[in-house]
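In case you want the letters, here they are:
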Amino acid sequence: MATTRVGRLHLNAFLMGVGHHEAAWRLPESDPFAHVDVKHYQNLARIAERGKLDSVFLADGPVLWNDLGRRPAGALEPTVLLTALAAVTEHIGLIATASTTYNEPYNLARRFASLDHISGGRAGWNIVTTAGLDAARNFNLKALLAEVERHRFRDGELVLDEKNPA
């Protein structure tokens, strides 16, 4: 028996500064500095909005990319970049990844609340925890945080701030 699905399909543009293929930035027609060019991202966001997509998404992690054969090093901070995209768009959602492992709850809330306010309610947060020794070293740690420390739950709720539980 066929089932009819009721609802809307939401389409999102996953923006990567130099393309999704790991070597796209090395093509002669590619701009190897697009990943740090605000105008490049603004153009992509305008195109996505004209195409009636629901949102643009910027992935992130608290570690520098360091394999130049795959991607150029460095990236713009996503909530700052999305604020620049908010200035040139009107309707498209603005979503960024931010890790709860190496960000304090207040700082995350402030960044996303600011983006949401500036964009007129268009901010979204892709919540992740972060594993990886490179990320730990960026925060002056010699070892990874244990998974239990990255994923704390109390009464079925994720605890972002153990010092000040809800």
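For clarity, every value in this text was computed on a predicted model and none was experimentally measured. (Residues numbered from 1 in each chain as written. Predicted model: local features only at pLDDT ≥ 70, side-chain atom pairs only at ≥ 80, totals over all residues. Heavy atoms only, no water.)

> What is the right way to read unusual backbone geometry from this model?
Generally, phi is negative for residues other than glycine and the peptide bonds are trans, each holding for most cases. Phi at Lys52 takes a positive value of approximately 65°, unusual for a residue other than glycine. Looking at where Lys52 falls in the secondary structure, it is placed in the loop between helix H1 (38-50) and strand E2 (55-58). (Helix = DSSP H or I, 4+ residues; strand = E, 2+ residues; numbered from the N terminus.)

> Can you help me understand the nonpolar core in this one?
Side chains of nonpolar character tend, in soluble globular proteins, to be buried together. Grouped together as the largest cluster of nonpolar side chains are 18 residues, with contacts concentrated most on Leu15, Tyr41, Val56, Leu58, Leu82, Leu85 and Leu94. Elements that contribute at least two residues to this core include exactly H1, E2, helix H2 (78-86), strand E3 (93-99) and helix H3 (105-119). Residue contributions to this core peak at 4 residues, all from H2. Not counting chain neighbours up to four residues away, the residues in contact with Leu94 comprise Val56, Leu82, Leu85, Ala86, Leu115, Ser119, Arg122, Ala123 and Gly124. (Core = buried A, V, L, I, M, F, W, Y, C linked by side-chain atoms within 4.5 Å. Buried < 20%, exposed > 50% of the residue type's maximum accessible area, 1.4 Å probe, protein only. Contact = heavy atoms within 4.5 Å.)

> Help me understand the sheet that holds E2 in this model?
Whenever strands of a sheet pair, they do so through backbone hydrogen bonds, lying parallel or antiparallel. Spatially, E1-E2-E3-E4 is the arrangement adopted by the 4 strands of the open sheet, whose pairing is parallel. Across the chains shown, the open sheet's two edge strands, defined by having one partner strand only, are strand E1 (12-14) and strand E4 (123-128). Taking each pair of neighbouring strands and ignoring which way they run, the sheet shows an average axis angle of 25°. Summarising the sheet, E3 and E4 pair through 6 bridges and their orientation is parallel. Counted as the bridge partner of Ala98 is Ile127 from E4. (Pairing = 2+ DSSP bridges. Axes fitted to C-alpha atoms, helices over the stretch in contact; angles between N-to-C directions.)

> Got a minute to help me understand H1 in this structure?
Because an α-helix completes one turn every 3.6 residues, residues spaced three or four positions apart along the sequence face the same direction. For H1, which comprises 13 residues, the first-to-last C-alpha distance of 18 Å matches the rise-based estimate of 18 Å (1.5 Å per residue) to within 8%. Within the sequence span of H1, burial applies to Tyr41, Gln42, Ala45, Ala48 and Glu49. For H1, the buried positions fall inside an angular range of 125° around the axis, keeping them on one side. Residues of H1 that are exposed and point over 90 degrees away from its buried face: Lys39 and Arg50. Two or three places before Lys39, at the start of H1, stands the capping residue Asp37, its side-chain oxygen 3.0 Å from that residue's backbone nitrogen. Looking one or two residues past H1, Lys52 carries a phi angle of roughly 65°, positive in sign. (Expected span 1.5 Å × (residues − 1). Arc of directions from axis to C-beta. Polar contact = N/O pair within 3.5 Å; in protein donor to acceptor, adjacent residues only side chain to side chain.)

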